[in-house]
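Listed below are the residues making up each chain.
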Amino acid sequence: MKFTYQINGAEHTLTLEKHPEGYRAHLGTAIYDVKLLHAKDGQLHFQLDETRHTAHLAHETPAKRWLHNAGRTLVIEKAATHRRGADTAGGSGRLTAPMPGQVRAVLVAVGNEVTAGQPLLLMEAMKMEIRIAAPHAGCITALHATEGGSVNKDDLLIEVEEIPT
Amino acid sequence: MKFTYQINGAEHTLTLEKHPEGYRAHLGTAIYDVKLLHAKDGQLHFQLDETRHTAHLAHETPAKRWLHNAGRTLVIEKAATHRRGADTAGGSGRLTAPMPGQVRAVLVAVGNEVTAGQPLLLMEAMKMEIRIAAPHAGCITALHATEGGSVNKDDLLIEVEEIPT
Amino acid sequence: MPQFDRVLIANRGEIAVRLIRACRELGLSPVAVYSEPDADALHVRLADGAVCLGPAAARESYLDMNKVIDAARQTGAQAIHPGYGFLSENAEFARRIINAGLVFIGPPPEAIEAMGDKAAARTRMQSSGVPVVPGAQDLADDTKIQQAAATIGYPLLIKAAAGGGGKGMRIVHSAADLLEGAAAARREALHAFGDDRLILEKYLTDARHIEIQILADQHGQTLHLFERECSVQRRHQKVIEEAPSPLVDESLRAKMGAAAVAAAKTVGYTNAGTVEFIVDPVTRDFYFLEMNTRLQVEHPITEAISGLDLVHWQFRIAAGEALPFQQADLTPRGHAIECRLYAEDPANGFLPATGTLLKFSTPPGPGIRVDSGVESGSVISPHYDPLLAKIIVHAADRTAALQRMQTTLQDTLALGLTTNLDFLQAILAHPVFVAGEATTHFIDQHLPNWQPAPDIPAAAIIAAALAELHSPSATTHTTASPSQDPHSPWLRLTGFRMGGGE
Amino acid sequence: MPQFDRVLIANRGEIAVRLIRACRELGLSPVAVYSEPDADALHVRLADGAVCLGPAAARESYLDMNKVIDAARQTGAQAIHPGYGFLSENAEFARRIINAGLVFIGPPPEAIEAMGDKAAARTRMQSSGVPVVPGAQDLADDTKIQQAAATIGYPLLIKAAAGGGGKGMRIVHSAADLLEGAAAARREALHAFGDDRLILEKYLTDARHIEIQILADQHGQTLHLFERECSVQRRHQKVIEEAPSPLVDESLRAKMGAAAVAAAKTVGYTNAGTVEFIVDPVTRDFYFLEMNTRLQVEHPITEAISGLDLVHWQFRIAAGEALPFQQADLTPRGHAIECRLYAEDPANGFLPATGTLLKFSTPPGPGIRVDSGVESGSVISPHYDPLLAKIIVHAADRTAALQRMQTTLQDTLALGLTTNLDFLQAILAHPVFVAGEATTHFIDQHLPNWQPAPDIPAAAIIAAALAELHSPSATTHTTASPSQDPHSPWLRLTGFRMGGGE
């Protein structure tokens with residue numbers, strides 16, 4: 001059985017073969033004997049060769065799991081579904097809300113020329129001011145946000161078209 | 001809707017009527033306005049008249065629930081199923097194991113006459129010696145336990161027949 | 001404790017939970033308030049009564065003085081504890097409570113006012129002989145700001161005169177950024193405090209943020225409970241605090257303590273409060289920054305090393321009790337550290353994170369305390385502070401406390417949304433922090449572009465596959481939250497609620 | 001700490017969990033051992049490695065010295081911590097560990113031996129000037145026992161000469177019950193210790209059980225960490241302990257501390273140990289009872305008031321570290337109480353209870369510590385001790401500690417089997433206990449036939465009905481333990497296990 005995951009932006013492929021005592025895992029060039037010892041309440045207790053390990057898992061979606069192991073928290077996505085995330089992020093000039101919040105100030109108007117890093121819009125969320133800045137120099141081609149308005153995560157706020165220099 | 005429960009050996013009957021805001025509860029002569037506010041993970045949060053209450057519940061069997069409310073732990077059994085418990089307890093002269101354990105010593109033999117309170121058998125469970133004593137004066141009519149043997153809860157150990165004095 | 005037996009807790013989250021539990025210990029009946037999205041929050045479920053204040057926006061709920069005071073009247077509460085944030089440093093709120101015949105669990109309104117205006121407080125401290133950071137106040141327009149900035153020099157700090165808690169605060173590194181920074185600070189200040197006056201202060205690079213806890217009764221006794229060091233900050237928000245400070249020795253402690261007591265006495269302070277100082281680690285000179293006229297987020301570390309319960313004392317002082325000990329009776333014991341678990345992404349500019357906390361748990365054990373307002377299943381909304389929980393450890397010395405915190409963080413589960421849990425561990429393992437030498441620039445200097453370690457343990461990848469392999473239900477995607485109880489009646493009863501949010 | 005970096009924990013339950021966590025803090029790798037029914041126990045899941053010792057019966061698993069020492073060899077552990085109970089006071093076990101070239105985390109075998117024989121220890125203490133309870137040892141037969149009993153008078157206590165922990169112990173109130181009591185004590189002693197010698201002691205009615213914690217390094221320094229009072233007992237098992245004792249003042253503390261240090265030094269004691277005394281509350285005379293040559297169940301309350309981690313010090317002393325403080329540096333701070341949560345029925349002769357702990361949780365908060373080996377879903381078998389968890393609180397004074405314990409117990413959930421949770425609350429609320437006047441007869445005298453309060457709160461009955469009403473799944477009876485995670489792969493995967501218990 002082959003498993004491919006996206007973790008922290010990198011792809012990891014693992015194969016597991018059934019064994020009388022459990023599984024044999026191939027990960028890159030490494031090989032491990034795997035024994036599942038205990039599985040309950042989202043907690044996995046298993047043995048790799050001679051060492052015991054514990055992992056805790058929770059599913060945010062069927063394809064996106066949160067995993068805790070040895071003090072680290074990881075987001076593990078099934079590789080097939082990961083591409084969808086890249087699509088919705090929008091082009092580099094399509095600026096979206098990084099989180100839900102309120103629009104405090106729109107600092108530019110359609111037609112304005114802006115420089116890379118110039119603040120375009122200020123949001124407030126969780127009592128913090130969040131600054132949406134131009135990713136590159138360009139021209140504002142569309143504004144989708146109004147001051148005082150509420151926005152959801154990934155809502156399109158502003159479009160900036162690159163001007164060839 | 002009528003509910004009858006056995007709690008600590010006493011029977012409690014409650015009726016609930018549906019109301020626009022929740023329920024009206026009748027318990028003896030008392031009447032309460034009941035609003036269920038939150039129910040999740042075995043936790044109930046509700047309002048009786050103007051006061052908020054919390055209860056935690058866990059089912060041991062469909063008819064036997066453990067309930068925690070205001071610092072107290074209660075076992076609540078549906079009244080209909082409770083009688084079964086009384087049957088299995090055996091007659092007063094049929095002595096059963098109060099819990100699982102090992103028989104350490106059988107102190108009497110069939111035919112022995114015993115006095116009320118006389119130790120008949122010693123069990124050990126959880127590192128404690130548990131003494132099974134005669135509930136009344138009588139004669140040992142049957143022995144179902146052997147020294148060193150394991151017994152389960154409610155296993156019949158010894159039968160004592162009352163001798164009319 | 002006479003005077004009151006029912007207390008309204010005018011707050012939410014971990015501090016509301018902590019205050020409600022303290023009420024129970026003191027035999028007081030706690031009443032909660034909540035905004036609509038908080039109807040099922042932990043603090044609401046723990047209280048004897050609860051009043052809905054209104055919609056999510058804090059201005060229409062937790063910040064609405066009339067609604068809060070009405071809630072107290074309506075539920076028969078005779079006292080109000082404001083917690084921190086929200087209305088806790090609002091003198092008008094305190095005054096209205098007192099005028100309504102209720103007890104405000106905090107300092108007199110005059111003391112809040114005197115310290116709340118950072119500009120006036122600077123002046124007052126200067127005249128009382130408490131050293132203040134070089135700076136300027138009463139800056140009417142951009143020209144005045146430019147002039148003052150030229151005198152002070154760069155980098156400098158723009159602060160809201162009315163503010164606190166990092167809001168309306170900006171560091172400016174050069175004259176070119178001065179006016180945009182001032183404009184942003186004004187906007188935030190106006191929004192947060194309804195007052196856009198600013199002050200400028202020299203920004204001390206490589207300085208330490210060290211604060212002194214004050215406890216003052218209504219009978220003239222003002223004591224300090226030693227210092228807390230809070231140098232590890234991001235965006236002017238504290239991340240890790242410890243007590244005692246690795247920088248402070250007994251002699252500096254006595255000097256800073258005396259200055260803090262003097263500052264508190266100058267404004268007639270009573271109840272618990274904190275005097276914040278900035279300390280030059282080389283010269284050990286210290287400068288008054290501001291006084292927080294309320295309970296601090298990081299009060300647990302002082303409780304650990306002092307053996308005193310600050311919240312209990314807040315209630316007891318408000319009820320008129322005299323402190324039964326003297327300064328000489330108080331000595332710090334051991335070392336305490338607090339880590340703030342935030343719903344935020346430290347690898348992405350500390351962007352706040354929202355979502356459902358699918359699983360949350362912390363390990364038990366000696367010397368571990370967790371103050372939390374969330375639990376598995378809590379929904380973290382964008383409306384309020386991203387603080388999920390405070391993880392506090394206490395041990396015999398700093399080395400043991402660091403070890404204890406590391407193991408505690410390693411065993412903490414916070415799954416379902418991005419938190420700073422891994423980042424906290426990176427700070428704790430950093431040699432500069434371990435050496436006790438972190439300044440307020442520590443994160444910017446030493447962990448400026450922190451990213452999670454790129455190597456993924458084999459065990460984690462194998463665990464993911466094992467989970468998939470043995471998961472008949474992994475493809476069913478439901479939002480129901482099943483119970484821990486195998487026979488639970490709510491196994492399929494998602495978010496069931498009747499008549500909530502009255 | 002050189003000498004060892006991998007430690008075998010030769011125990012189970014809450015103490016194994018506590019020891020494993022301490023190893024993590026000290027950078028040591030913990031290895032667990034377990035019997036077959038404990039294969040999935042918490043202590044096994046927390047360790048780096050784990051070795052199955054054998055079947056449920058302790059003699060074939062946790063009490064089997066060869067298997068335990070082999071497990072250490074097999075996993076590369078260089079040290080063994082015995083915890084309490086099981087092999088912890090077995091001199092031969094300690095000696096075999098040392099002979100195998102491993103480190104025993106505890107006192108020298110000679111000290112265990114000297115104190116383990118209660119008869120010899122009595123004699124030794126008498127000759128060292130430590131007062132002992134009037135009594136007799138070396139009782140060869142029933143005649144000798146009858147003669148000694150006549151001299152001592154009734155009531156008297158029969159104890160196993162080799163024993164401890166309440167096993168083989170009987171109170172006898174009259175000559176008529178003497179020989180049956182002695183026979184029962186002999187049976188229990190033989191079964192528990194393989195040695196049926198008995199001693200008799202005068203049974204002091206209305207006495208207090210007060211013990212002194214000892215810490216001794218390998219460099220000649222022996223210190224005491226004040227007293228613990230453990231008078232509240234049932235069947236000679238402690239139920240509630242507190243420190244300091246409400247009976248003990250500074251002068252008595254100094255005298256008892258000095259006697260305990262003398263007792264420890266007499267036998268060349270090192271590491272942590274406890275000297276138990278019985279104290280006459282009127283005269284304040286104290287008598288040596290025995291020395292427990294191991295960590296005690298109730299060590300956390302001493303940790304709370306001393307600020308020292310006893311388990312850390314056990315490891316550090318065993319590694320050869322010298323104690324860096326003197327007796328004069330140690331002072332108790334605040335007040336600590338421990339309640340033992342037992343799976344037992346206090347309304348039915350304290351009969352142990354077994355079953356599945358369907359739900360277990362304790363509240364977080366300042367000054368609360370819970371040492372537990374169980375969690376929701378744990379199966380409590382009849383094989384081992386009924387101790388589920390220890391609930392420990394620490395506060396500034398005894399009144400605050402009592403309040404804190406009451407609220408903590410009120411918010412503790414232990415559903416699925418009978419526990420003493422309600423009984424503990426009854427003790428804490430009893431005026432005699434509140435007054436600090438409970439003797440070792442407190443439960444017998446004041447709560448002899450305790451039953452749960454007969455009145456059932458309306459809220460409880462209504463809650464039961466609400467649960468039934470909104471429970472589509474209440475009639476499905478399954479033994480599966482569903483996950484807290486809404487998308488869990490194990491929702492229907494009950495007790496799934498592969499290759500466990502190698």
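In this text, all values refer to a predicted model and were calculated from it rather than measured experimentally.

A. Up close: the overall build of chain A. The secondary structure content of chain A amounts to 1 helix and 16 strands. Since a compact globule built from 165 residues should have a radius of gyration of about 15 Å, the 23 Å found for chain A marks it as more spread out than a globular shape. Overall, chain A is about 70 × 35 × 25 Å in size when its C-alpha atoms are taken along their principal axes. In chain A, which comprises 165 residues, the proportion classed as buried is 47%. Of the contacts formed within chain A by residues at least 6 apart in sequence, a portion of 38% connects residues at least 24 apart.

B. Representation of the overall build of chain C within the structure. What chain C contains, in helices and strands, is 16 helices and 23 strands. Computed over the C-alpha atoms, the radius of gyration of chain C is 23 Å, within 12% of the 23 Å expected from 2.2 N^0.38 for a compact globule of 502 residues. Counting only C-alpha atoms, chain C reaches 70 × 55 × 50 Å along its principal axes. The buried share of chain C, reckoned over its 502 residues, is 64%. Of the contacts made within chain C by residues no fewer than 6 positions apart, 65% connect residues no fewer than 24 positions apart. Carbon and sulfur atoms make up 50% of the accessible area of chain C, which amounts to about 16,400 Å² in all. Averaged over its 42 positive side-chain charges, chain C has a centre that lies 2 Å from the centre of its 57 negative ones.

C. Representation of unusual backbone geometry in the model. All names here are of chain C. Here A243 and P244 are connected by a cis peptide whose omega angle stands at -5°. For D138, which is not a glycine, the phi torsion comes out positive at approximately 55°. Structurally, D138 can be placed in the loop between β6 (135–136) and α7 (142–152). Positive phi, close to 75°, is recorded for N271, a residue that is not glycine.

D. Just the environment of R24 of chain A, in detail. Residues and elements named next belong to chain A. In this structure, R24 sits in strand β3 (residues 22–27). In this structure the C-alpha to C-alpha distance between R24 and V34, which are 10 residues apart in sequence, comes to 5.8 Å. The residues touching R24, leaving out its near neighbours within four places in the chain, are T15, L16, E17, H19, I31, Y32 and D33. A polar side-chain atom of R24 sits 3.1 Å from a polar atom in the side chain of D33.

E. Highlighting helix α12 (residues 398–410) of chain D. Residues and elements named next belong to chain D. In this model α12 runs 18 Å from its N-terminal to its C-terminal C-alpha over 13 residues, within 8% of the 18 Å that 1.5 Å per residue would give. Within α12, 10 of the 13 residues are buried, which leaves it mostly tucked inside the rest of the structure. Those residues of α12 that sit buried are R398, A400, A401, L402, R404, M405, Q406, T407, T408 and L409. Two or three places before T399, at the opening of α12, D397 has a side-chain oxygen 3.3 Å from that residue's backbone nitrogen.

F. Region of interest: the sheet that holds strand β11 (residues 222–234) of chain C. All names here are of chain C. Across the sheet, 8 strands lie side by side as β14-β13-β10-β11-β12-β15-β22-β20; this open sheet has antiparallel pairing. Across the chains shown, the open sheet's two edge strands, defined by having one partner strand only, are β14 (286–292) and β20 (368–372). Strand-to-strand twist across the sheet, computed as the mean angle between neighbouring axes with direction ignored, equals 25°. Note: strand β13 (residues 271–279) against β14, 6 bridges, orientation antiparallel. The residue of β14 that forms the bridge with V279 is F286.

G. Main features of helix α5 (residues 109–116) of chain C. Residues P109, A111, I112, A114 and M115 of chain C constitute the buried set of α5 of chain C. Elements in contact with the buried residues of α5 of chain C: α4 (91–99), β5 (103–104), α6 (118–127), α9 (250–266) and β14 of chain C.

H. Structural view of the domain arrangement of chain A. The domains assigned to chain A are domain 1 (2–80) and domain 2 (85–162). With centres defined by C-alpha atoms, the gap from domain 1 of chain A to domain 2 of chain A works out at 38 Å.

I. Layout of the interface of chain A and chain C. On the chain C side, the residues contacting the 54 residues of chain A number 55 residues. Of the roughly 4,800 Å² buried between chain A and chain C, counting both surfaces, carbon and sulfur atoms make up 67%. Where chain A packs against chain C, one counts 2 salt bridges. A salt bridge links R131 of chain A to E180 of chain C, with the nearest nitrogen and oxygen atoms 3.6 Å apart. Inspection of the region where chain A meets chain C yields 13 residue pairs in polar contact (both at pLDDT 80 or more). Per element, the largest residue contribution to the side of chain A that touches chain C is 8 residues, and it comes from strand β6 (residues 51–61) of chain A. Looking at the side of chain A that touches chain C residue by residue, the classes come out as 33 nonpolar, 11 polar and 10 charged.

J. Layout of the sheet that holds strand β10 (residues 101–106) of chain B. Ordered in space as β13-β12-β10-β15 (chain B), the 4 strands form an open sheet in which the pairing is antiparallel. Single-partner strands in this sheet number two, and they are β13 (128–133) and β15 (150–151) of chain B. Sheet topology places strand β12 (residues 119–125) of chain B next to β13 of chain B; 6 bridges connect them, and they run antiparallel. Among the inter-strand pairings, P119 of chain B is bridged to a residue of β13 of chain B, identified as A133 of chain B. Along the sheet, helix α8 (residues 178–193) of chain D makes contact with β10, β12 and β13 of chain B, crossing β13 of chain B at roughly 140°.

K. Main features of the side chain of T440 of chain C. Mapped onto the fold, T440 of chain C is located in the loop between α14 (431–434) and α15 (442–446). Not counting the four nearest positions on each side in its chain, T440 of chain C is found in contact with L204, A207, R208, H209, S231, Q233 and I278 of chain C.

L. Seen up close, the packing of α4 of chain C against α5 of chain C. All names here are of chain C. Between α4 and α5, the least distance of the axes is 8 Å, while the angle of their chain directions is 175°. In terms of orientation, α4 and α5 fall into the roughly antiparallel class. For the pair α4 and α5, contact is made by A91, A94, R95 and I98 and by P109, E110, I112 and E113, respectively. The residue inventory of the contact of α4 with α5, partitioned by class, reads 5 nonpolar, no polar and 3 charged.

The rules we used
- Residues numbered from 1 in each chain as written.
- Chains lettered and ligands numbered in written order.
- Predicted model: local features only at pLDDT ≥ 70, side-chain atom pairs only at ≥ 80, totals over all residues.
- Heavy atoms only, no water.
- Helix = DSSP H or I, 4+ residues; strand = E, 2+ residues; numbered from the N terminus.
- Rg over C-alpha atoms; globule rule 2.2 N^0.38 Å.
- Buried < 20%, exposed > 50% of the residue type's maximum accessible area, 1.4 Å probe, protein only.
- Contact = heavy atoms within 4.5 Å.
- Areas by Shrake-Rupley, 256 points an atom, 1.4 Å probe, with all protein chains shown as cover.
- Lys, Arg positive; Asp, Glu negative; His and termini not counted.
- Charge placed at Lys NZ, Arg CZ, Asp CG, Glu CD.
- Polar contact = N/O pair within 3.5 Å; in protein donor to acceptor, adjacent residues only side chain to side chain.
- Expected span 1.5 Å × (residues − 1).
- Pairing = 2+ DSSP bridges.
- Axes fitted to C-alpha atoms, helices over the stretch in contact; angles between N-to-C directions.
- Domains from an automatic or database assignment.
- Buried area = accessible area lost by both parts, 1.4 Å probe.
- Salt bridge = Lys/Arg side-chain N within 4 Å of Asp/Glu carboxyl O.
- Nonpolar A, V, L, I, M, F, W, Y, C, P; charged D, E, K, R; others polar.
- Parallel < 35°, antiparallel > 145°, perpendicular 65-115°, else oblique.

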